[in-house]
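Here's the letter readout for the chains.
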Amino acid sequence: ILAGSVEKEVGIEELMDLIAQSFPSPLQRKIVAKDPQENDVDVTPSADGPFLAQVFRSIVDPYVGQLTLFRVLSGTLRSDSEFYNVTTQSKERTGKIFFMCGKEQEQVPEVGPGDIAAMAKLKNTHFNDTIAAAGGRLQMPKIELPVSMVKLAILPKSRADEDKLGEGLNRLADEDPTFTHYRDPNTKEHVVRGMGDLQLEIFLDRMKRKYGVECETKTPKVAFKETIRRKAEAQGKHKKQSGGHGQYGDVHLRLAPNERGAGYQFVDSIVGGVVPKQYIPHVDKGAQDALAKGVIAGYPVVDVIVELFFGSYHDVDSSEMSFKIAASLAIQKVVKDASPCLLEPVMEIAVTVPEEFMGDITGDLNSRRGRILGMDAPAPGRQRIRAHVPEAEVLRYSADLRSMTGGRGTYELTFSHYDEVPENVAQQLVAEYEKQKAAGEL
């Protein structure tokens, strides 16, 4: 164990001396690449051999632009030459080659085995790409990154920040592949994901310093959904007279539960033309729009079969919009009569901790409405607990696990399925929706 301080420049030389004396030379490293048939091929790290390197990072420099960092595994690469990107199967000019010395770049004429160097302004070369000499066909195994578990919803502080937000996030994501961002189509929020709270805090601070973008963060919303438990039917009638042509649309819809995960299905059971054919697609569209807005708590209604089985029309006053509105009115009624309920996303969590924390972790997962699936021992002295737990209960699990295990626990989280929300939780969500509706916030 070496102690030191970067700020006070203490212990740096000792660390570098230890690396030089104790670490194996790059020439002693065993390198295994893959040929086009996915067979293992041993690569000899020789300066005279064919050039082979792997890109492991990108940095956006405010003066030079994008710098691509790579590790040379074999052969020699000279500046102002060219190389072949095996991953994208494209040629690219080398340009200038740099060694990175803190914030400074030291230009060098060539690099060989073991060297870590950078090139500027490459167009088609990115993280995890294998680069080689012309005609190279060997590819290095991909660098496997841990899955980012911590999520935050991000909001720009002003309109000016909103315009620059996407560009700033894209640049940060280019620099660190463990940082990702996306717009959640279900909750309409912009979400950032990272390895932990600290990483996200640092990234957002860099956004402010480097790109002048100020943001606020909050816990992301959970993508709840609504569905029904039994069949029901209702009439939706839209009739309006306001001088000249009026508006008239009349539909009778029957709603039935579809299989979980099967989505939306529309059935046309009209007989005798009581609803003309040209209006039926608009009944379908009106029903889909109403279901997407939700009925009991403002979440999309899913896994339903909508059947149009009767209706009426007016020769003059009926229109596409009239039938669309009529279908929407029918949906608002029929969902409430079909025993509606809320669904929540359930995640599969695998928590790996030292054995002494087993009781604390299982008890905590049970308190989060979790259901233990099983346990195993991935390594001596460590246990892995697998469980199903609602996403709403593990949004801030990273900080909680760290405090429970003194930072010695890890976890993986993957989406499993949607399940019915318990009645007491559903009542709270519906009450909150009604309160926001009454206050005019929706």
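Residues numbered from 1 in each chain as written. Predicted model: local features only at pLDDT ≥ 70, side-chain atom pairs only at ≥ 80, totals over all residues. Heavy atoms only, no water.

Student: Help me get a handle on the environment of Arg-384, residues and values and all.
Tutor: Residue placement: Arg-384 occurs in strand β24 (residues 382–390). The exposure class assigned to Arg-384 is partly exposed, which follows from its relative accessible area of 29%. When the C-alpha atoms of Arg-384 and Cys-341 are compared, they prove to be 34 Å apart, with 43 residues separating the residues in sequence. Apart from the residues within four sequence positions on either side, Arg-384 is in contact with Ala-350, Val-351, Thr-352, Gly-374, Met-375, Asp-376 and Pro-378. (Helix = DSSP H or I, 4+ residues; strand = E, 2+ residues; numbered from the N terminus. Buried < 20%, exposed > 50% of the residue type's maximum accessible area, 1.4 Å probe, protein only. Contact = heavy atoms within 4.5 Å.)

Student: Residues and numbers for a nonpolar patch on the surface, please.
Tutor: Together, Leu-2, Val-6, Ile-12, Leu-15, Met-16, Leu-18, Ile-19 and Phe-23 line one region of the surface with nonpolar side chains, adding up to about 730 Å² of accessible area. Counting through the fold element by element, Ile-19 comes out in helix α1 (residues 12–22). Here Ile-19 falls in the partly exposed class, since its relative accessible area comes to 31%. (Patch = residues over 30% accessible without salt bridge, like charges linked within 9 Å, V, L, I, M, F, W, Y side chains within 5 Å. Areas by Shrake-Rupley, 256 points an atom, 1.4 Å probe, with all protein chains shown as cover. Salt bridge = Lys/Arg side-chain N within 4 Å of Asp/Glu carboxyl O.)

Student: Could you give an account of the pattern of salt bridges, naming the residues involved and the relevant values?
Tutor: Scanning the model with the defined rule gives 23 salt bridges in all. A salt bridge links Lys-218 to Glu-189, with the shortest nitrogen-to-oxygen separation between them at 3.6 Å. Within this pair, whereas Lys-218 is found in strand β16 (residues 215–218), its partner Glu-189 is found in strand β15 (residues 189–194), the two being separated by 29 residues in sequence. With relative accessibility at 37%, the residue Lys-218 sits in the partly exposed group. With a closest N to O distance of 3.0 Å, Glu-307 and Arg-254 form a salt bridge.

Student: Now, about the side chain of Asn-128: what can you tell me, with residues and values included?
Tutor: Locating Asn-128 in the fold gives a position in the loop between β11 (116–120) and β12 (130–132). When sequence neighbours within four positions are dropped, the list of residues in contact with Asn-128 reads Gln-54, Val-55, Thr-87, Lys-142 and Ile-143.

Student: Give a description of the packing of helix α2 (residues 159–175) against helix α3 (residues 197–211) that names residues and reports values.
Tutor: Helix packing geometry: the angle between the two helix axes and the distance between the axes. With their axes 10 Å apart at the nearest point, α2 and α3 run at an angle of 120° to one another. Judged by the angle between their axes, α2 and α3 are oblique. Where α2 crosses over α3, the handedness of that crossing is right-handed. Seen from α2, the contacting residues are Lys-164, Leu-165, Gly-168, Leu-169, Arg-171, Leu-172 and Glu-175; seen from α3, they are Phe-203, Arg-206, Met-207, Lys-210 and Tyr-211. (Axes fitted to C-alpha atoms, helices over the stretch in contact; angles between N-to-C directions. Parallel < 35°, antiparallel > 145°, perpendicular 65-115°, else oblique. Left-handed = near helix turned anticlockwise from the far one by under 90°.)

Student: Provide a residue-level description of the pairing of strand β21 (residues 304–312), including the pertinent values.
Tutor: As judged from the 8 bridges shared by strand β19 (residues 247–257) and β21, these two strands associate in the antiparallel manner. Directly across from Leu-253, in β21, lies its bridge partner Leu-308. One crossover worth recording links strand β20 (residues 264–268) to the parallel β21 by way of helix α4 (residues 280–293), and it is left-handed. (Pairing = 2+ DSSP bridges. Right-handed = clockwise from strand over helix to strand, strands pointing away.)

Student: Summarise the sheet that holds β20; cite the residues concerned and give the values.
Tutor: Adjacent strands of a sheet form backbone hydrogen bonds with each other and so pair up, either parallel or antiparallel. Pairing in this open sheet of 4 strands is mixed, and the strands run β18-β19-β21-β20 from one edge to the other. Edge positions in the sheet fall to β18 (232–240) and β20, since each of these pairs with one other strand and no more. Averaged over neighbouring strand pairs, the angle between their axes works out to 25° when direction is ignored. Of the strand pairs in this sheet, β18 and β19 are connected by 9 bridges, and their pairing is antiparallel.

That is the geometry; function is a separate question.
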